[in-house]
Amino acid sequence: MHRILQDKSLFRPHCLINGQWRDAADKSVLNVINPANGKQLGHVPNCGAEEARLAVEAAHTAFTAWSAKSPQERGAYLHAWEQAIHANLEDLARLLTLEQGKPLAEARGEILQGASYFPWYAEEARRVSGEVVPGFRQGVQALTRHAPVGVAAAITPWNFPMSMIPRKVAPALAAGCTAIVKPASATPYSALAMAELAMRVGIPAGVFNVITGSAGAIGSVITESPLVRKLSFTGSTPVGKTLAAQCGPTLKRVSLELGGNAPFIVFDDADIDLAARMALGNKFRNAGQTCICANRFLVHKDVFDAFVRRLLQGIRELKVGDGLKADTTMGPLINAEAVAHVDALVRDALQNGACRIAGGQAHKLGGNFYEPTLLTGIKPDMRIFREEIFGPVAAVMSFEDEEEAVALANDTEYGLASYVCTRDMARTWRLWKSLQYGMVGVNDAGLASAETPFGGVKGSGMGREGGREGLLEYMETHYALLGGIG
Ligand code: NAP
C-alpha cells in the first residue's frame, strides 16, 4: 500500500474519535483485503461498544459549538475539505481501487462526484430560511425556522466507500449536526483517508468521527443512544430493516438507502445505439455492484435482437482485470461470497430456461473475477428477476406492449431506480407516474448528483440524499406562535 501512495499519511490504520487517532481498547484488529489479488492491505481497529460510546459523547459535546457557527463558517470548512480531496485525488483513487477493486477511472469519478456534495451543501445551508406564516387569528403571528437535529450517525456500504461519506456528512455538517461514520469493514481506508483530510482542514475535534469494527456492537450503541438523533444508513434491505427497528425506541430520524431491482425498459421507438451504450455503462460500472444497476432489461420484441446484438458487442470490449491497470474497464467483485451469489443466480436462470449469450461463469483470472454475462429468456419466476444481482450480469427479457412492461417493472418489492429508453414524450410522462420508483432515468442513466434527490420507495427505503431534500433530512422545523402583538 505504502509504495502505491505518494502521500503515505492518507493510509490511516486508526479510527478518529474526538480528533484523536485511536486503536480499539482491546487492540483487536480487522484485516482488509485487496479484492483483486486476495492480498492483505493492512488492518484497522476492531472497535466495539466502548469506542462507539466515546464517539457518541464526542459528537454530542462538539454539537454545541458547531451548531452555533453560522452556515458561512461551517461552509468554509466544507469548501476546504472539497479542495483537499481534489488536491489528493490520485492517492485517494488508488486507495479506493486497492480496497474496493473498481478501475481507477471509476474511482476518480466516484471521488469527484462525492466531493461535489461539499460545495453544494456549504452553499445550500445558507438558503435554509424559515417562514413568516400569515396570521391565522387576530393578534398572533406565526414563524418557522430550521434547526439541526443533533448528532447524526452514518453507516455506509463497501460499493461506494468514498462518495457515501460526503453524501451523508456534507448535509449533516452544513446543517449544524456533528457526525459519526461507521464504514463497511471491507473498505474502511477510504473513510479514514477522508478523516485525515478533515483533520488537515481543521474540522474541530468531535465534529467528524470514524469508527471501524464490529457492525453489531457499534450499530447497537448508535441506534440505542438517545444522544444520536439521526441515522443515515446505506446498505442491504434486511440490515436496514433491523436498524430502523432498533431506532424505534429512541424515535430517531432515519434515512435508509437500500437495495434495488431496477428495470431498464427499451421501447420500440428508442434510439437503440444510445440504449445499448447506456445499458453497458449502467450495468457493468463497478462490476455491477451498484444499487441503481439495471437488474432486469425489459426490451420491446421488435427491437430485442438489435438491442441484444449491440449490448453483446459492448460486453465483448470490456477488459476485466486489476483496477490499477490502465486498460482495465471492469474489476473484481468484492469477495468470494459475492461471486458465489452471482453465480447461483446465473445457474438458477440457466436451469430454468434462460439462454446464455455471453459469460456465465467465474472468469479465468480466478479469485473474485466474474465474466461479464448476458442472459436472455428471463422469466418472472427466476431468482434473477426477483433478487438484486449485484454483479456483472445483464438479464434480458422481451415484452409486447407498454402495459406489460410497466406491470413487469413494478413486480418487485423494491423501488429505487428505473430506466426508460423512448423518444415519446407522452409515454415518458405516463411512465414517470406509473413506475413505482423513487427515480427514473429517461434516455440517461446518470441519476446521482449533489443537486438532485436520490432515494427509493417500498423496500428500497426512505429519505433522500442530494438536493434540498438531502439537507432537510438533518433539520427539524421549529414553530413559534407570537401572541399579544396587537
Ligand atoms: P450491508 O451488509 O447491509 O452492509 C452495509 C453496512 O451496514 C456496512 O457498514 C455493514 O458493516 C453494516 N452492518 C451490517 N450489519 C449491521 C448491523 N447489524 N448493525 C449495524 N450495521 C450493520 O450491505 P453491503 O453488502 O455492504 O452493501 C450492499 C447493499 O447496499 C446492496 O443491497 C445495495 O443495493 C445497497 N446500496 C444501496 C444504495 C442506495 O443508495 N440505495 C447505495 C449503495 C448500496 P460491516 O461491513 O462491518 O458488516
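Residues numbered from 1 in each chain as written. Predicted model: local features only at pLDDT ≥ 70, side-chain atom pairs only at ≥ 80, totals over all residues. Heavy atoms only, no water.

Let's talk about the nonpolar core
Of all hydrophobic cores here, the largest spans 72 residues; its most connected members are Val266, Phe307, Ile378 and Ile384. By residue number, the principal contributor to this core is helix H11 (residues 304-316), which donates seven residues. Not counting residues up to four positions away in its chain, the partners in contact with Phe307 are Val266, Ile272, Ala275, Ala276, Ala279, Phe297 and Val299. Counting residues in each nonpolar core, the second largest holds 60 residues, with Ala84, Leu96, Ala125 and Ala191 among its members. (Core = buried A, V, L, I, M, F, W, Y, C linked by side-chain atoms within 4.5 Å. Buried < 20%, exposed > 50% of the residue type's maximum accessible area, 1.4 Å probe, protein only. Helix = DSSP H or I, 4+ residues; strand = E, 2+ residues; numbered from the N terminus. Contact = heavy atoms within 4.5 Å.)

A few points about the UniProt feature "domain: Aldehyde dehydrogenase" (unreviewed entry) in the protein
When the UniProt feature table is mapped onto this chain, "domain: Aldehyde dehydrogenase" (unreviewed entry) is found at residues 21-478. Between the end C-alpha atoms of residues 21-478 the distance is 37 Å, and the span holds 41% helix and 20% strand. (UniProt positions renumbered as here; feature names shortened; annotations may be inferred.)

Section: the site of the ligand
In the vicinity of the ligand lie 27 residues, with Thr156, Ser185, Ser236, Leu258 and Glu388 positioned nearest. Note that a nitrogen atom of the ligand is positioned 3.4 Å from one of the backbone N or O atoms of Ala215. Relative to its unbound accessible area of 910 Å², the ligand is 83% covered by the protein chains. Elements represented by at least two residues in the shell around the ligand include exactly helix H8 (215-224), strand E10 (228-234) and helix H9 (237-247). Its residues assigned to classes, the shell around the ligand comprises 15 nonpolar, nine polar and three charged. When residues of the shell around the ligand are assigned to domains, at least three map to each of domain 1 (8-258 + 460-479) and domain 2 (262-442). (Near = heavy atom within 4 Å. Polar contact = N/O pair within 3.5 Å; in protein donor to acceptor, adjacent residues only side chain to side chain. Areas by Shrake-Rupley, 256 points an atom, 1.4 Å probe, with all protein chains shown as cover. Nonpolar A, V, L, I, M, F, W, Y, C, P; charged D, E, K, R; others polar. Domains from an automatic or database assignment.)

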